[in-house]
Structures are given as structure tokens and as C-alpha cells.
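Examining the three-dimensional arrangement
Read off the chains here:
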Amino acid sequence: MEKILKDILYKVALTEVIGVTDIPVSSVQFDSRKIKEDSLFIAAKGTAVDGHDYIEQTIKNGAKAIVCEELPKRTYEGITYLKVKDSGEALGIIASNFYDQPSSKLKLVGITGTNGKTTTATLLYKLFIKLGYKTGLLSTVKNQINEKAFPATHTTPDALALNEMLSEMVAEGCSYCFIEVSSHAIVQKRIAGLSFAGGVFTNITHDHLDFHKTFNAYIKAKKKFFDDLPSSAFALVNKDDANGLVMLQNTRAVKKTFALKNPADYKCKIIENTFSGLDLTLDGREVWIKLIGAFNAYNILGIYATAMLLGENKEETLKALSLLDPVEGRFQYTKAPNGTIGVVDYAHTPDALINVLSTLQDVRTDKEKIITVVGCGGDRDKAKRPIMASIACEKSDKVILTSDNPRSEEPAEIIHQMEKGLGLSCKKKSLSIADRKEAIKTACQLAERGDIILLAGKGHEKYQEIQGVKYPFDDMKILTESLNLLQT
């Protein structure tokens, strides 16, 4: 693919230009290692690396144009320099232009919030496939271009990868794409230049404060997504969340709400909540859903409302919703021969853990014990560690504190910080086992016939990251193997 430089600068706010813009560009790159002949290099300032430090090297490797926030001290004849205020935003707009603005050629819907993004985006993708549309998905678990699946490395891909995949979706004839929009991606301008048909807000709770520093900054990051939506789009928010209406304050989009508790445009009521699923009254109609828990009632309601705002038929949508299976690693459960139930869930925030454990308390018959295995990720928000342990103990009969993805931190130190959240009574019903596999096996050994074991934190992940190395690790696989060893 080759483009003329001036054509891919459409809507880019340039503050200074040195050189000519009617030159061919063979590729757009922000990684200096990927530069080839006639590339455009965008010098972006990352959290660990500043692309401005590599401008000289990219020119030696064949770059013919440079986008930067600061012009280098030395410029070269035959090289075009384009100064901008924000390289990240320029990257998003240029990436969209380079791939012929693919987001404008399908209906792109972004889902943001602390919990429920993956379930909502994935089930929207599955719903629209069932409704007969070619559909794309960009999520934490995996990316889909209609029926073709690709592994995901980030909740929201970088701007180049994102537009390339959207371009492939357009080429495959996709009518829709549902994308998880993380707060990191909003702040880092990864979604700059995209045309959204709608945005969905699930909820917002304590998370990512290692990156945002304050809860207010985290809220503002989410809100910016809605602030930037065009008037042609819809903004759909969970009105039962305290910050739901905050998201709508400055948006130009069509404002819509959904709720279980408050008056809203789209309403839902839980009739029955069991391990078999949810019986709901949804927008005035009764429907059976295979998912479990009040938090999933919110997810389903948000999905239904989105389908309605996209113009789908009510009866066909409700029928398709009733056929949807749970998302991998999101309240995914298995049953041992002796009746013991094991649940794997991605719950890695205090609110998500409360939701899952509250659901388990709702669906049990009061005789079964709840045994929770929980850890906290290394190199991430440390403030939530004691809170997570406290919640687990408060809502479980037995707790095992263990490793999640310790990354560069020592597992024992993470667990020690979690233990600070335990009162005396909690300490009596808790164990600390750093080896996650041993912790899972121990939970199964402690379980009696019919008890419920929850593995929280890793969900769909098939690895455990320790000191920069990702080792194969599958919670559901280890849980199933351990449960099958129990006496019937």
C-alpha cells in the first residue's frame, strides 16, 4: 500500500512544515524498528520510550517524513518534517487516513467501563452474527474478523493495528464492529480519528489508579470518549451507576439510558437467578438467558439496548439473546462428579469481586461453603490489594490468597499487602499459598460435596507472567483436573 503524504494528513493539526508533502509514503510507523524505505515515522512519547530519540536512526533506515512534537536540532535535505502538538492524536488520524478511514465504512460501537466491557462487546458480536450480519470484534480476549479469530495483546490495540484490522473487516464485508475502549486507549489517543456510531458505558469502579493516579482522572478519561462522540452517534449509559449521567454531560450524541433500579429508556427486572441462568423481564418481555448474576442482567440489558439503537427487530433480538453462551472466563463454571462446583471469573477489581461473590451467595442454598482463591497482579494498582482480600473474606467461608500475574514483583510481598486487609476473624478462615496451582489444588481438597470454589482474577488468560516471562497457565484446566480427582 502506498499513499501520498499530503493525502494522509487530512484533519491533522500541523503547526510547522519543513519540506514537501507530495511524496509517496510506503508505510506509517511509530516503532523505529519497523521503518523501511519511504516510511512515515511518527515520533510519539510513550510511558517508557520517547520516539524523538530515534528520529536520526529512522532516517538512516529509509524514513522520508517525520511527524514530531519537537523538531530535531539537525534537519536533512529531502526529509519532510511535520510538527504537531500531539503525536499520539496525529498517529490515530494518520492511521485512519492511511487505511482509507475504515471506521466510517461500518458501524463501530465502543464499550467502556471498569467491568463488563469484554462480556458486552463479545456478546454483541455473537448476537449480530446470529442476526445474520458479518461482524467484527476487538476485545481483551480475542479479535474477530467475522469468523476468523486473532489473539489479542491489548484491551484496545494501537492506532495502526486497530485501523488495519478495521480495514480488513471492511474488506470482508463486515457491517458492524464492537470494540472495548480502555481508559488507557482514550488517554493515549489510540482511538483518535475513528468514527463511532455509538458508545456504551457499563460502570466505573476502583481500578487502574497506578496509571490515572486519581479516581477523578479515571472518570475524566472515560468521559472523554463520550465528549468526543458526534451528534450522529448514540451514547448509552448505565443509569444505576453513580457516574452514568456524568458521562452524558457534554456529549453531542443522542443520550440514552438503561437501568434495573432507576427510571430509564431501557428497563430490566430479574425474576429468577440460578446456576442455570437468568429469567428476566426485558423491556416488557420475559426472556431466559444462559448467563448468571445481576451484573450479567446489566450486561444483557446494555446489549439489548444497543441492538435497539442500531435498529434491530425486538423479537428477533430477544430470541437471539436467549441462545447466547457465556464468555470464556466470565463466570464460567464446571461441576465435579461429586457435585462440587468450580467457577472461573476475571474479577480483578473490588467491585467485580463483590458482584461475583454476591451472585454465588444468591444462587447457593445456604448449605454449601464458598471457597475463594484470589490474588492481585504485580506492577498494578497496589491500593486495591487489601480491599480485595477483605471482600473475599467477608463474602466467603474460606479464602486462599495466592499469586495472580506477579510480573516483576515478589508474590510473597503482594500477598503480604493483601493480608493487611484481613481482620482477626478473617485471618482464621484464610490461607496464603503463593503457588497458584497449589492454591487451586488445596481449595479442591478443602471442598466438601456440593461446595462452590471461585478462582478470581485471571479468567480467560492462558498464562501466568512472572519476572517478564509468560508461563502456560489455565485456571479452568487446572480446576477441572483437580475437581475430577475428588471422591464421588
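Here, the structure is the one placed above.
So, here is what we can say about the structure in this document. (Residues numbered from 1 in each chain as written. Predicted model: local features only at pLDDT ≥ 70, side-chain atom pairs only at ≥ 80, totals over all residues. Heavy atoms only, no water.)

A few points about helix 3 (residues 117-130)
For clarity, the cut-off: A run of DSSP states H or I qualifies as a helix once it reaches four residues; a run of E qualifies as a strand once it reaches two. Both are numbered from the N-terminal end. Expected span of a helix, by definition, is 1.5 Å for each gap between consecutive residues, and there is one gap fewer than residues. Any residue under 20% of the maximum accessible area for its type is buried, any over 50% is exposed, and the rest in between are partly exposed; the area is computed with a 1.4 Å probe on protein chains only.
Spanning 14 residues, helix 3 covers 20 Å between terminal C-alpha atoms, matching the ideal 20 Å at 1.5 Å per step. Regarding helix 3, the residues found buried are K117, T118, T119, T120, A121, T122, L123, L124, Y125, L127 and F128. G132 lies just past helix 3 and shows a positive phi near 100°.

Comments concerning the sheet that holds strand 6 (residues 65-68)
The following threshold applies: At least two bridges found by DSSP between two strands are what make those strands a pair. Helix axes are fitted only over the stretch in contact, all axes being lines through C-alpha atoms; the angle between N-to-C directions runs from 0 to 180 degrees.
Reading across from one edge, 2-7-6-5-4 is the order of the 5 strands in this open sheet, with mixed pairing throughout. Of all the strands in the sheet, just strand 2 (14-18) and strand 4 (27-29) have a single pairing partner and so form its edges. When the angles between neighbouring strand axes are averaged without regard to direction, this sheet yields 15°. Sheet topology places strand 4 next to strand 5 (residues 39-42); 3 bridges connect them, and they run parallel. Note on strand 5: the bridge partner recorded for Q29 is F41.

Comments concerning the packing of helix 3 against helix 8 (residues 294-309)
Counted only if it meets this: An angle below 35 degrees is treated as roughly parallel, one above 145 as roughly antiparallel, one from 65 to 115 as roughly perpendicular, and anything else as oblique. Less than a right angle of anticlockwise turn of the near helix away from the far helix marks a crossing as left-handed, whereas a clockwise turn marks it as right-handed. A contact between two residues is defined here by any heavy atoms of the two lying within 4.5 Å.
Direction vectors running N to C along helix 3 and helix 8 enclose 45°, while the axes themselves pass 10 Å from each other. Taken as axis vectors, helix 3 and helix 8 run oblique relative to one another. In terms of crossing hand, the pair formed by helix 3 and helix 8 is right-handed. Where helix 3 approaches helix 8, its residues T119, T120, L123, L124, L127 and F128 are matched on the opposing element by N296, N299, I300, I303, T306 and A307.

Re helix 9 (residues 314-321)
What counts is decided by this rule: In this description, one arc is meant: the one made by directions from the helix axis to the C-beta atoms. Each polar contact in these results corresponds to two N or O atoms within 3.5 Å; when the atoms are within protein, one needs to be able to donate a hydrogen and the other to accept it, and residues that are neighboring in sequence are counted only if both atoms are side-chain atoms.
Residues T317, L318, A320 and L321 constitute the buried set of helix 9. Looking straight down helix 9, one finds that the buried residues subtend no more than 165° of arc, so they occupy a single side. Taken together, the buried residues of helix 9 touch helix 3, strand 17 (277-282), strand 18 (285-289) and helix 8. At the N-terminal boundary of helix 9, the capping side chain belongs to N313, with an oxygen 3.0 Å from the backbone nitrogen of E315.

A look at the sheet that holds strand 20 (residues 341-345)
Reading across from one edge, 19-20-24-21-22-23 is the order of the 6 strands in this open sheet, with mixed pairing throughout. The outermost strands of the open sheet, each flanked by one partner alone, are strand 19 (332-335) and strand 23 (430-432). Neighbouring strand axes in the sheet, compared pairwise and without regard to direction, differ in orientation by 15° on average. Here strand 19 runs beside strand 20; their pairing, made up of 4 bridges, is antiparallel. Bridging from a neighbouring strand, K335 pairs with I341 of strand 20. Helix 14 (residues 436-446) contacts strand 21 (370-374), strand 22 (398-401), strand 23 and strand 24 (452-456) of the sheet and is inclined by roughly 165° relative to strand 22.

Regarding unusual backbone geometry
With the exception of glycine, the majority of residues adopt a negative phi angle, and the majority of peptide bonds are in the trans configuration. Phi is positive for D38, close to 65°, though the residue is something other than glycine. Within the secondary structure, D38 is located in the loop between strand 4 and strand 5. In the Ramachandran plot, D379 falls in the positive-phi region, its phi being about 60° despite a non-glycine side chain. When you line up the elements, D379 lands in the loop between strand 21 and helix 11 (385-394). The class for D379 is partly exposed, based on a relative accessible area of 34%.

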